[in-house]
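Residues per chain, in single letters:
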Amino acid sequence: MRRYLRVVVLCLACGFCSLLYAFSQLAVSLEEGAGGVGGKPQAAAASWLGGDGRGAGRGVGSAGPAAHHGRSDRYGVKMQPVERVHLAVVACGERLEETVTMLKSALIFSIKPLQFHIFAEDQLHDSFKGILDSWSFLQTFNYSLYPITFPSENAAEWKKLFKPCASQRLFLPLILKEVDSLLYVDTDILFLRPIDDIWALLKKFNSTQIAAMAPEHEEPRIGWYNRFARHPYYGKTGVNSGVMLMNMTRMRRKYFKNDMTTVRLRWGDILMPLLKKYKLNITWGDQDLLNIIFFHNPESLFVFPCQWNYRPDHCIYGSNCQEAEEEGIFILHGNRGVYHDDKQPAFRAIYEALRNCSFEDDSIHSLLKPLELELQKTVHTYCGKIYKIFIKQLTKSIQDRYDRPPKER
């Protein structure tokens, strides 16, 4: 009898263990099927790309801390997902070096792991892949490369709007269907503080806001939209789309008010009618279209201060960005080609310093002193007169990120 009872108990124990194992495997498979928060985003093809979507060429930098995305470890302990910052850029023509410098500035100060979404002409893909793969030792980012794609029936019209490929940004919510939120920047952007800080502004959106941008001008007397625009624009001086933070889930769901029909239209349905109506009246292409959209839907826009998108217009006629004067420049936007000529040497000095520095701690530390000496040579310009605002936040970022012991970073 005792032997019989032992066999029964042993069988029950084995059955119970098998049941636990089956449930644990089921849980893991469900998590993997759901994709998990922070998992590798797929290069989702827009509907106009057809079945194969032209296959976005996809390179991956070392996943590093982003590799663990909501799965259980071998002991069944739940691992918390790591949030990643999604950064998108569109590069055409001779914008490779500028784009790479922008990406480097994002990596130097970032805290969370990054996911780069790089839309580029086909001939640039190999160069991007070679450079980004050489950074894989950082283990702090992944990247995806995508071809430039527009709706086939109007591709030529979209591609030549303003600058080649610039209007690609309008279609990001429709292409990156699996991405919830995204920071889009122009190629001529430099991050002077952690990208995590502008990403954190997503949490300040109210329930109606879907995107965030900075004003086009702080001073109406030198504003472009309020003096010359032949179309509706947001607020008093319009907004600049060179730095655009988006909750793309909300953008895809929203029905937008417009002046073309009494029916509200979704993002994918409003773009072409808007271009057809205003194409003879717009100067700055996709940025103008965004201004028109948010003119009719002002409740949907979060406006952040000029220090998050600091451009030559903020200093070439005298300083007019008060927030930058007080706290320094957070994100530098070198439009007007100022990184590559001598018209605004203060902007060029920042660009050259970041372009030439490496990811070594010593290199990042050592850029400050020679950079300040270069900036002191620019005081004959209006922007150079206030050169200290160019390095105020940069100095703080380097101290916060690299002067602390590794465990405190």
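None of the values given here were measured: they were computed from a predicted structure.

Undergrad: A description of the pairing of strand β1 (residues 85-91) should follow, citing residues and the corresponding values.
TA: The buried fraction of β1 amounts to seven of the seven residues, a majority that puts the element mostly inside the structure. The alternating pattern of β1 places V85, L87, V89 and A91 on one face and H86, A88 and V90 on the opposite face, and all of these are buried. As paired elements, β1 and strand β2 (residues 114-120) share seven bridges and run parallel to each other. Paired with A91 across the two strands is A120, which belongs to β2. Considered for its hand, the β-α-β crossover made up of β1, helix α2 (residues 96-109) and β2 is right-handed. Relative to strand β4 (residues 181-185), β1 runs parallel, the two sharing two bridges. Paired with L87 across the strands is L183, a residue of β4.

Undergrad: So what's going on with empty space enclosed by the protein? Which residues, and what values?
TA: Leftover empty space is mapped by rolling, across the atoms, a probe with the size of a water molecule. Applying the stated criterion to the full structure yields one cavity of 30 Å³ or more. As a volume, the largest cavity reaches approximately 30 Å³. Contributing to the lining of the largest cavity are K257, N258, D259, I270, L274, I292, I293 and H296. Top element by residues in the lining of the largest cavity is helix α10 (residues 286-296). It accounts for three residues. A per-class count over the lining of the largest cavity returns four nonpolar, two polar and two charged.

Undergrad: Got a sec to walk through unusual backbone geometry? Specific residues and values, please.
TA: Peptide bonds are, in most cases, trans, and in most cases residues other than glycine have a negative phi. The backbone of Q139 sits at a positive phi, close to 55°, despite the residue not being glycine. Along the polypeptide, Q139 turns up in the loop between α3 (125-133) and β3 (141-146). Owing to a relative accessible area of 44%, Q139 belongs among the partly exposed residues under this scheme. At R336, a position not held by glycine, the phi torsion is positive, near 65°. With respect to the element layout, R336 can be found in the loop between β11 (331-333) and α12 (345-356).

Undergrad: Got a sec to walk through the pairing of β3? Specific residues and values, please.
TA: Of all six residues in β3, six are buried; the element is thus mostly enclosed. Neither face of β3 is open: one carries F141, Y143 and L145, the other N142, S144 and Y146, and all of them are buried. Both β2 and β3 contribute to a ladder of six bridges, which runs parallel. Its bridge partner being in β3, F119 is matched across the sheet by Y146. Since β2 and β3 lie parallel, the crossover through α3 that links them has a hand, and here it is right-handed.

Undergrad: Before we move on, could you go through the sheet that holds β2 and cite the residues and values that matter?
TA: Taken together, the seven strands give an open sheet; going across it, the order is β3-β2-β1-β4-β7-β6-β10, and neighbouring strands pair in mixed fashion. Bordering the open sheet on either side are β3 and β10 (301-303), each of which pairs with just one other strand. Ignoring which end each strand starts from, the neighbouring axes of this sheet average 25° apart. Sheet strands in contact with α3 are β1, β2 and β3, and its direction is about 175° off that of β3.

Undergrad: Would you mind going over the nonpolar core in detail, with residue names and values included?
TA: Counting residues in hydrophobic clusters, the biggest one holds 75 residues, and the most contacted among them are L87, L183, F191, Y310, L332, I350 and F390. In this structure F390 touches L192, Y310, C315, I329, L332, A346, F347, I350, L375 and C383, once residues within four positions along its chain are discounted. In this structure, L174, I210, M244 and L265 belong to the second largest nonpolar core, which totals 44 residues.

Undergrad: Describe the environment of I293, listing the residues and the values that go with them.
TA: On the secondary structure map, I293 appears in helix α10. In this structure the C-alpha to C-alpha distance between I293 and L271, which are 22 residues apart in sequence, comes to 9.2 Å. In this structure I293 touches F256, W267, I270, L271 and L274, once residues within four positions along its chain are discounted.

Undergrad: Help me get a handle on the state of the cysteines, residues and values and all.
TA: Taken as a whole and assessed by the stated rule, the structure comprises three disulfides. Covalent S-S linkage joins C92 and C165, the inter-sulfur distance amounting to 1.9 Å. The sign of the S-S torsion, about -95°, decides the handedness of the disulfide formed by C92 and C165: left-handed. One end of the pair, C92, is in the loop between β1 and α2; the other, C165, is in the loop between α4 (155-159) and α5 (172-175), with 73 residues separating them in the sequence. Residue C92 shares its accessibility class with C165, and that shared class is buried.

Undergrad: So, the packing of aromatic side chains: which residues are in play, and what are the values?
TA: Overall, the coordinates contain 19 aromatic pairs when judged by the stated rule. Consider the rings of F116 and F141, whose centres lie 5.5 Å apart with planes at 35°: the pair is tilted. Remark: F141 occurs in strand β3 and F116 occurs in strand β2; sequence separation between them is 25 residues. Neither F116 nor F141 differs from the other in exposure class; each is buried. Judged by centre distance (6.4 Å) and plane angle (75°), the rings of W135 and F141 are edge-to-face. Its relative accessible area of 8% is what places W135 among the buried residues. The class of F141 is buried, set by a relative accessible area of 1%. Members of the aromatic cluster, each reached through a chain of ring pairs, are F116, W135, F137, F141, Y143 and F359. We note R193 situated over the ring of F330; from NZ or CZ to the ring centre the distance is 4.2 Å. The aromatic ring of F256 is capped on one face by K254, whose charged end is 5.6 Å from the ring centroid.

Rules used in this analysis
- Residues numbered from 1 in each chain as written.
- Predicted model: local features only at pLDDT ≥ 70, side-chain atom pairs only at ≥ 80, totals over all residues.
- Heavy atoms only, no water.
- Buried < 20%, exposed > 50% of the residue type's maximum accessible area, 1.4 Å probe, protein only.
- Helix = DSSP H or I, 4+ residues; strand = E, 2+ residues; numbered from the N terminus.
- Pairing = 2+ DSSP bridges.
- Right-handed = clockwise from strand over helix to strand, strands pointing away.
- 1 Å grid on protein atoms, 1.4 Å probe; cavity = no way out; pocket = protein on both sides within 12 Å on 5 of 7 lines; lining within 4 Å.
- Points joined across faces, edges and corners; volume = space filled by probe spheres on them.
- Nonpolar A, V, L, I, M, F, W, Y, C, P; charged D, E, K, R; others polar.
- Axes fitted to C-alpha atoms, helices over the stretch in contact; angles between N-to-C directions.
- Contact = heavy atoms within 4.5 Å.
- Core = buried A, V, L, I, M, F, W, Y, C linked by side-chain atoms within 4.5 Å.
- Disulfide = S-S within 2.5 Å.
- Phe/Tyr/Trp six-rings, centres within 6.5 Å; stacked < 30°, edge-to-face > 60°.
- Lys NZ or Arg CZ within 6 Å of the ring centre and 35° of its normal.

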